[in-house]
Amino acid sequence: MSLHIALYQPQIPANTGNIARTCAGTHTSLHLIHPLGFSTDDKMLKRAGLDYWPHVDIHYHDSLEAFISMTETQTNAQVYLIETYGTRNYTQFDYSDRNQQIYFLFGRETTGLPQAFAQARAEQCLRIPQSEHIRSLNLSNAAAIVLYEALRQQAFPSLA
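As the structure is a prediction and not an experimental result, all values here were calculated from the model.

### Structural notes on the layout of surface pockets
Step number 1: Here the largest pocket defines a volume of roughly 470 Å³.
Step number 2: Put simply, the parts of the chain that give the lining of the largest pocket at least two residues each are strand 7 (125-127) and helix 5 (139-153).
Step number 3: Within the lining of the largest pocket, the residues separate by chemical class into 10 nonpolar, nine polar and five charged.

As structure tokens, this is what we get:
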């Protein structure tokens, strides 16, 4: 799979469940970076993912460092950080290379990614435009928006 959604320490099981369902429906891998703010046996997580969990290509990482280390071992990987303070719009990037491993990394629902980590990777930070009336979009909505832009650029491979 060339597209990946990575969640850094997700806190709300329903968001993760919704993202898992989107991943199952788009042949996208899901990466969960510990610690999680819930148990993977959580009823809300299972309910949001419905009966699609067997179709989710899910990977667990012990830490942000372990996740980044894993991506650095791949020769054709690109990690994009999705943050409200990113200076470039998510549509300004080319995701069309199906051979490239593209990771969209999202932070915690309440605090995002660690600030020092994101600042050190400012050129990889993307944002979704929004009004000044909200702090951020819902995590599962943001993941779907960015993922579907990448899928659109790839002509929706293997999707009907």
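### Here's the deal with the packing of aromatic side chains
Step number 1: Tallied over the entire structure, the rule returns six aromatic pairs.
Step number 2: For the pair F67 and Y103, a centre-to-centre distance of 5.7 Å together with 80 degrees between the ring planes defines the contact as edge-to-face. Taken together, the residues span a long stretch of sequence, with F67 in helix 3 (residues 64-72) and Y103 in strand 6 (residues 101-106) at a distance of 36 residues. For the residue pair F67 and Y103, the accessibility class agrees, reading buried in each case.
Step number 3: Ring centres of Y148 and F156 lie 6.4 Å apart, and the angle between their planes is 45 degrees; on these two criteria the pair is classed as tilted.
Step number 4: In this structure F156 comes out as partly exposed when scored by relative accessible area, which is 35%.
Step number 5: What links up through ring pairs into an aromatic cluster is the set Y80, F93, Y95 and F104.

The rules behind the values
Residues numbered from 1 in each chain as written. Predicted model: local features only at pLDDT ≥ 70, side-chain atom pairs only at ≥ 80, totals over all residues. Heavy atoms only, no water. 1 Å grid on protein atoms, 1.4 Å probe; cavity = no way out; pocket = protein on both sides within 12 Å on 5 of 7 lines; lining within 4 Å. Points joined across faces, edges and corners; volume = space filled by probe spheres on them. Helix = DSSP H or I, 4+ residues; strand = E, 2+ residues; numbered from the N terminus. Nonpolar A, V, L, I, M, F, W, Y, C, P; charged D, E, K, R; others polar. Phe/Tyr/Trp six-rings, centres within 6.5 Å; stacked < 30°, edge-to-face > 60°. Buried < 20%, exposed > 50% of the residue type's maximum accessible area, 1.4 Å probe, protein only.

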